[in-house]
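Structure at a glance
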Amino acid sequence: MERLKKVDPQVYKAINDELKRERDTLNLIASENFAPQVVLEAQGSVMTNKYAEGYPGERWYDGCQHVDQVEKLAQQRAKQLFGGEHVNVQPHSGTQANMAVYFAMLKMGDPVLAMDLACGGHLSHGHHHNFSGKYFKIISYGVDRGNELIDYGEVEDLAKKHNPKMIVVGASAYPRTIDFAKFRQIADKVGAFILADIAHIAGLVAAGLHPSPVPYAEFVTTTTHKTLRGPRAGMIICRKEFAARIDAEVFPGIQGGPLMHVIAAKAVALKLALQPEFKSYQRQIVANAKKLAAELQGRAYRIVSAGTDTHLLLVDLSSKKITGKDAACALDQAGIVVNKNLIPYDRLGPQLTSGLRLGTPALTTRGMKQAQMQQIACLIDAVIAAAQDQKTIAATKAEVLKLTQKFPLYQELT
Ligand SMILES: *Cc1c(COP(=O)(O)O)cnc(C)c1O
């Protein structure tokens, strides 16, 4: 980035500092990952220059032959990976993928059954400041207070009582396997569509480590930047009968020109996700999450739902006399990046919280395995046990740096 350095030293410095931060910290944010350098290359390409309103072969602009090619590749690879009938690779984000489905299929004020945000649902599943909560009548299902798993009986009762037009399945902070077939049975009893939002678990689904919703849901949405390890963006897979409505809702419904450089990067990420190594990567993500959960349990931390089947775990700090906010802040000072998170039926609000959400996709991308998870659990425990102690923070930070240097990131970038 020598040219950028000369022309805009401030932006150059910020980008460089971010690279250094990513290299020198342990990233346990469950929704983040490190996109491969080939994805960054495609995303940083001249395809950012091209207007391509419309779809391959039917654009509103000329000169689209090359961007058509990358969009078709992305579509083909997504279908090969997830097995759906139709795919739209244009949504700029996961939220916009969801918005396209809501707006294509529902009228304002229609009832929608979705997971409670306080139990792991996403903003686009009905938060009052989000389009979903403003324009639709949201009914929420939670998890069982005892085992902290989705209570399918409750989902069915709510569905029968409120007759939702659509049921949203999927979450941002649910560590267990979701039974999409059961949701299908419930939806069929009340004549509802299913929107399966696999933003978090897309990589696991692609690798066959979490059951796929594609056979059960009319609509499947995802992000491409979480476990899928692509560029920051979204995607929709749907049944053929809804293809035209979904395409028209993405463009011109809610978006203008597609981000063709990002679509090129999606095509690259999807190619990588079709390789055998991607499967072993996903397997290691889950093995690491299970190991991290077990190690923390061994240090007397309560893990929500007593463990995990996926890439993430929720730690309940209630017995440790520290809030999620304070714990996350102390860990960040020590170079361990996590996020505070509500636990189901949290006694504290979303600003403080009683929990931490930890995920292993990014650490696993660096090549870390179970041995490192054990070490990291030990570091996390040390910081939480002495969150005010600057000596502990400094000592942990030194250990973090040693560990990150053993697992270098973006070696070709300078
Ligand atoms: C991350 C996420 C999204 C959307 O993310 P964007 O930030 O809009 O790309 C949607 N649904 C779920 C369940 C998510 O976890």
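Residues numbered from 1 in each chain as written. Predicted model: local features only at pLDDT ≥ 70, side-chain atom pairs only at ≥ 80, totals over all residues. Heavy atoms only, no water.

**As for the overall build of the protein**
- Secondary structure summary: the protein contains 16 helices and 15 strands in total.
- Relative to its length of 414 residues, the protein is compact, with a C-alpha radius of gyration of 22 Å against a globular reference of 22 Å.
- Along the longest, intermediate and shortest principal axes, the C-alpha atoms of the protein span 60 × 60 × 40 Å.
- The burial tally for the protein puts 57% of its 414 residues in the buried class.
- Long-range pairs, those at least 24 residues apart, make up 72% of the contacts in the protein with a sequence separation of at least 6.
- The protein carries 49 positive and 40 negative side-chain charges, and their two centres are separated by 3 Å. (Helix = DSSP H or I, 4+ residues; strand = E, 2+ residues; numbered from the N terminus. Rg over C-alpha atoms; globule rule 2.2 N^0.38 Å. Buried < 20%, exposed > 50% of the residue type's maximum accessible area, 1.4 Å probe, protein only. Contact = heavy atoms within 4.5 Å. Lys, Arg positive; Asp, Glu negative; His and termini not counted. Charge placed at Lys NZ, Arg CZ, Asp CG, Glu CD.)

**Considerations on the site of the ligand**
- Around the ligand lies a shell of 14 residues, among which Gly94, Thr95, Ser172, Asp197 and Lys226 are the nearest.
- In the model, an oxygen atom of the ligand is placed 2.9 Å from a nitrogen or oxygen of the Gly94 main chain.
- Interatomic distance of 2.5 Å between a side-chain N/O atom of Asp197 and a nitrogen atom of the ligand.
- If one sorts the elements of the shell around the ligand by residue count, helix α5 (residues 94-105) sits on top with three residues. (Near = heavy atom within 4 Å. Polar contact = N/O pair within 3.5 Å; in protein donor to acceptor, adjacent residues only side chain to side chain.)

**Details of the sheet that holds strand β12 (residues 312-316)**
- Within the open sheet, the four strands sit side by side as β11-β12-β15-β14. Their pairing is antiparallel. At either margin of the open sheet sits one strand with a lone partner, and together these are β11 (302-303) and β14 (339-341).
- Judged from the three bridges that link them, β14 and strand β15 (residues 355-359) form a sheet pairing that is antiparallel. Each bridged residue has a counterpart across the sheet, and for Lys340 the counterpart in β15 is Leu356. (Pairing = 2+ DSSP bridges.)

**Points about a nonpolar patch on the surface**
- On the surface, Met1, Val11 and Ile15 cluster together into a nonpolar patch covering about 250 Å² of accessible area.
- Examined against the element boundaries, Val11 turns out to sit in helix α2 (residues 9-24). (Patch = residues over 30% accessible without salt bridge, like charges linked within 9 Å, V, L, I, M, F, W, Y side chains within 5 Å. Areas by Shrake-Rupley, 256 points an atom, 1.4 Å probe, with all protein chains shown as cover. Salt bridge = Lys/Arg side-chain N within 4 Å of Asp/Glu carboxyl O.)

**Topic: the domain arrangement of the protein**
- Entries for the protein in the domain assignment read domain 1 (40-273) and domain 2 (284-406).
- Computed over C-alpha atoms, the centres of domain 1 and domain 2 are 29 Å apart.
- If you look at the interface, domain 1 gives 21 residues, while domain 2 gives 21 residues.
- Buried surface at the junction of domain 1 and domain 2, summed over both partners, amounts to about 1,800 Å²; 56% is from carbon and sulfur atoms.
- Three residues, Glu148, Pro175 and Arg176, lead the burial of domain 1 against domain 2; their summed loss comes to 35% of the area buried on that side.
- At the surface where domain 1 touches domain 2, the tally comes to two salt bridges.
- When the shortest N-O distance is used, the salt bridge between Arg302 and Glu148 registers 2.8 Å.
- Along the contact surface separating domain 1 from domain 2 lie 13 residue pairs in polar contact (both at pLDDT 80 or more).
- Considering only residue class, the side of domain 1 that touches domain 2 consists of 10 nonpolar, six polar and five charged. (Domains from an automatic or database assignment. Buried area = accessible area lost by both parts, 1.4 Å probe. Nonpolar A, V, L, I, M, F, W, Y, C, P; charged D, E, K, R; others polar.)

**Observations concerning the sheet that holds strand β5 (residues 111-115)**
- Taken in spatial order, the seven strands of this open sheet run β4-β10-β9-β8-β7-β5-β6, and their pairing is mixed. Sheet topology places β4 (86-88) and β6 (137-141) at the edges, where each strand pairs with a single neighbour. Geometrically, the sheet is characterised by an average inter-axis angle of 20° between neighbouring strands, direction not taken into account.
- Note: strand β9 (residues 219-223) against strand β10 (residues 234-238), five bridges, orientation antiparallel. Along β10, the bridge assignment pairs Thr223 with Gly234.
- In this fold helix α4 (residues 65-82) packs onto β4 and β10, with an angle of close to 125° to the strand it touches most, β4.
- Its contacts with the sheet place α5 against β5, β7 (166-169), β8 (193-197), β9 and β10, and it is angled at close to 160° to β9. (Axes fitted to C-alpha atoms, helices over the stretch in contact; angles between N-to-C directions.)

**Focus: the packing of helix α15 (residues 370-385) against helix α16 (residues 390-406)**
- Running from N to C, α15 and α16 cross one another at 165°; their axes reach a closest spacing of 10 Å. On the basis of the axis angle, α15 is roughly antiparallel to α16. Note on packing geometry: the crossing formed by α15 with α16 is left-handed. Contact residues: Gln372, Gln375, Ile376, Leu379, Ala382 and Val383 in α15; Thr392, Ile393, Thr396, Glu399, Val400 and Leu403 in α16.
- For the contact of α15 with α16, the residue count by class is seven nonpolar, four polar and one charged. (Parallel < 35°, antiparallel > 145°, perpendicular 65-115°, else oblique. Left-handed = near helix turned anticlockwise from the far one by under 90°.)

**What about the packing of aromatic side chains?**
- Within this structure, the stated rule accounts for 13 aromatic pairs.
- Pairing Tyr102 with Phe136 gives two aromatic rings, centres 5.3 Å apart and planes at 40°, and the pair type is tilted. Of this pair, Tyr102 sits in helix α5 while Phe136 sits in the loop between α6 (131-135) and β6; the two residues are 34 residues apart in sequence, bridging distant segments of the chain.
- Of the residues examined, Phe136 reaches a relative accessible area of 5% and is grouped as buried.
- Each ring, one from Phe103 and one from Phe131, has its centre 5.6 Å from the other, and the planes form 70°; the classification is edge-to-face. Of the two residues, Phe103 is situated in helix α5 and Phe131 in helix α6; the sequence distance between them amounts to 28 residues.
- Overall, the relative accessible area of 23% leaves Phe103 in the partly exposed class.
- Within the aromatic cluster, the residues linked to one another by ring pairs are Tyr102, Phe103, Phe131, Tyr135 and Phe136.
- One Lys or Arg, Arg229, reaches over the ring of Tyr281 and ends 3.8 Å from the middle of that ring.
- Across the ring face of Tyr301, the terminal group of Lys320 is positioned such that the distance to the ring centre comes to 4.1 Å. (Phe/Tyr/Trp six-rings, centres within 6.5 Å; stacked < 30°, edge-to-face > 60°. Lys NZ or Arg CZ within 6 Å of the ring centre and 35° of its normal.)

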